[in-house]
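Structural features, examined
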Number of protein chains: 2
Amino acid sequence: MEIKPRTAWILVGCALLLVVTAAGAKTGALNVDERGILAADGAWARAAAAKDLETTVSFYAEDAVLMAPDRPAAQGRAAIRAVWSEEFKDPAFAISWHTETLTVPRSGELGFARGWYEATYTLDGRTVRERGKFLTVWRKQPGAWLVLVDMYNPDAPATPINP
Amino acid sequence: MEIKPRTAWILVGCALLLVVTAAGAKTGALNVDERGILAADGAWARAAAAKDLETTVSFYAEDAVLMAPDRPAAQGRAAIRAVWSEEFKDPAFAISWHTETLTVPRSGELGFARGWYEATYTLDGRTVRERGKFLTVWRKQPGAWLVLVDMYNPDAPATPINP
């Protein structure tokens, strides 16, 4: 079959439209609530990576709960600040995380995020690395999404980093 | 002030009405979704306490995720069954848990439960006890509430039980 120049241009146009639509579908799949949570989560992760205590803690709701392994639940911002403050004092401490799955109920006032984290810290005088998973519940408040529950646990016991 | 018999009966009636109303308010505070989740959670906990593998696993959605400490996330019922099967094979294994806080978004298709658990199991040849906390996401399906995400971690490292 011979394709005439005009037909060829129409085909190119259709192909471009398909690519744009596909790209649009990918970003368009996130609604305003999902984008709001992901933006807050990204800013929160950057604050924690920078060991910025006040900014890190500011992402928790006043009545938030931090459910960390090997310690009781920390209830409220003051208790949560104490946990992060202790972590940040460790010179070896470093953390990064990434949300992989996001679910927002239809009513849109809450959302929960799952993902992975990687942390480095001092344990019994040695620098260790830990990889694990988290589950975070976010709550929409006027003008902001804040963390209501923050829970994580490791995929395996932490292992020493060879110098 | 003298209280006449008739006034006394009215006062007794009012007092009874207050007691009944207070009792009603207590149970009435739970809506149909909250009662549904708590009933499913109670039946699930009884199945796990009885080491009934199939019933325990039946409370998870097909696409559920079990996020347990010191192992990667178990995705799907088959992977989750493998974890519970391993736990139940331990003759020392015992578990109980209790939901303390329940949050159901207005749209009612999901719910979040937090609470405590206590488990006994064999670790390095010794029987140990562990207490901790959990966060469970429930999803309403036709005729049933099923677990979508099940995550927990200990409040402290497990301690040996003295014989």
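The notes below deal with the structure included here. Source: prediction; values computed, not measured.

Topic: the side chain of Asn153 of chain A
By the element assignment, Asn153 of chain A lies in strand β6 (residues 144-154). Judged by its relative accessible area of 0%, Asn153 of chain A falls in the buried class. A polar atom in the side chain of Asn153 of chain A sits 2.7 Å from the side chain of Lys133 of chain A. Not counting the four nearest positions on each side in its chain, Asn153 of chain A is found in contact with Pro69, Tyr117, Gly132 and Lys133 of chain A together with Met67, Ala68, Pro69, Met151, Tyr152 and Asn153 of chain B.

Things to note about the interface of chain B and chain A
The partner chain A presents 29 residues to the 30 residues of chain B that form the contact. Of the roughly 2500 Å² buried between chain B and chain A on both sides combined, carbon and sulfur atoms contribute 67%. For the salt bridge of Arg106 of chain A with Glu109 of chain B, the shortest nitrogen-to-oxygen distance reads 3.9 Å. Here chain B is connected to chain A by 17 residue pairs in polar contact (both at pLDDT 80 or more). For the side of chain B that touches chain A, the secondary structure elements donating two or more residues are β1 (60-67), β4 (110-123), β5 (126-141) and β6 (144-154) of chain B. The biggest single contributor to the side of chain B that touches chain A is β6 of chain B, with six residues. Tallied by class, residues from the side of chain B that touches chain A come to 19 nonpolar, four polar and seven charged.

Some thoughts on the packing of aromatic side chains
Taken as a whole and judged by the stated rule, the model has 13 aromatic pairs over all chains. The interplanar angle of 85 degrees and the centroid separation of 5.9 Å between the aromatic rings of Phe112 of chain A and Phe112 of chain B together place this pair among those described as edge-to-face. Of the two residues, Phe112 of chain A sits in strand β4 (residues 110-123) while Phe112 of chain B sits in strand β4, which places them in two different chains. Ring geometry for Trp44 of chain B versus Trp97 of chain B: centroids 4.7 Å apart, planes at 70 degrees, classification edge-to-face. A residue pair is termed long-range when its members are at least 10 positions apart, and Trp44 of chain B in helix α2 (residues 32-49) and Trp97 of chain B in strand β3 (residues 94-103) qualify at 53 residues. With a relative accessible area of 2%, Trp44 of chain B lands in the buried category. Taken together through their ring pairs, the aromatic side chains of Trp44, Tyr60, Trp97 and Trp138 of chain A make up a single cluster. Taking NZ or CZ as reference, Arg131 of chain A lies 5.2 Å from the ring centre of Trp116 of chain A, over its face.

Cut-offs applied
- Residues numbered from 1 in each chain as written.
- Chains lettered and ligands numbered in written order.
- Predicted model: local features only at pLDDT ≥ 70, side-chain atom pairs only at ≥ 80, totals over all residues.
- Heavy atoms only, no water.
- Helix = DSSP H or I, 4+ residues; strand = E, 2+ residues; numbered from the N terminus.
- Buried < 20%, exposed > 50% of the residue type's maximum accessible area, 1.4 Å probe, protein only.
- Polar contact = N/O pair within 3.5 Å; in protein donor to acceptor, adjacent residues only side chain to side chain.
- Contact = heavy atoms within 4.5 Å.
- Buried area = accessible area lost by both parts, 1.4 Å probe.
- Salt bridge = Lys/Arg side-chain N within 4 Å of Asp/Glu carboxyl O.
- Nonpolar A, V, L, I, M, F, W, Y, C, P; charged D, E, K, R; others polar.
- Phe/Tyr/Trp six-rings, centres within 6.5 Å; stacked < 30°, edge-to-face > 60°.
- Lys NZ or Arg CZ within 6 Å of the ring centre and 35° of its normal.

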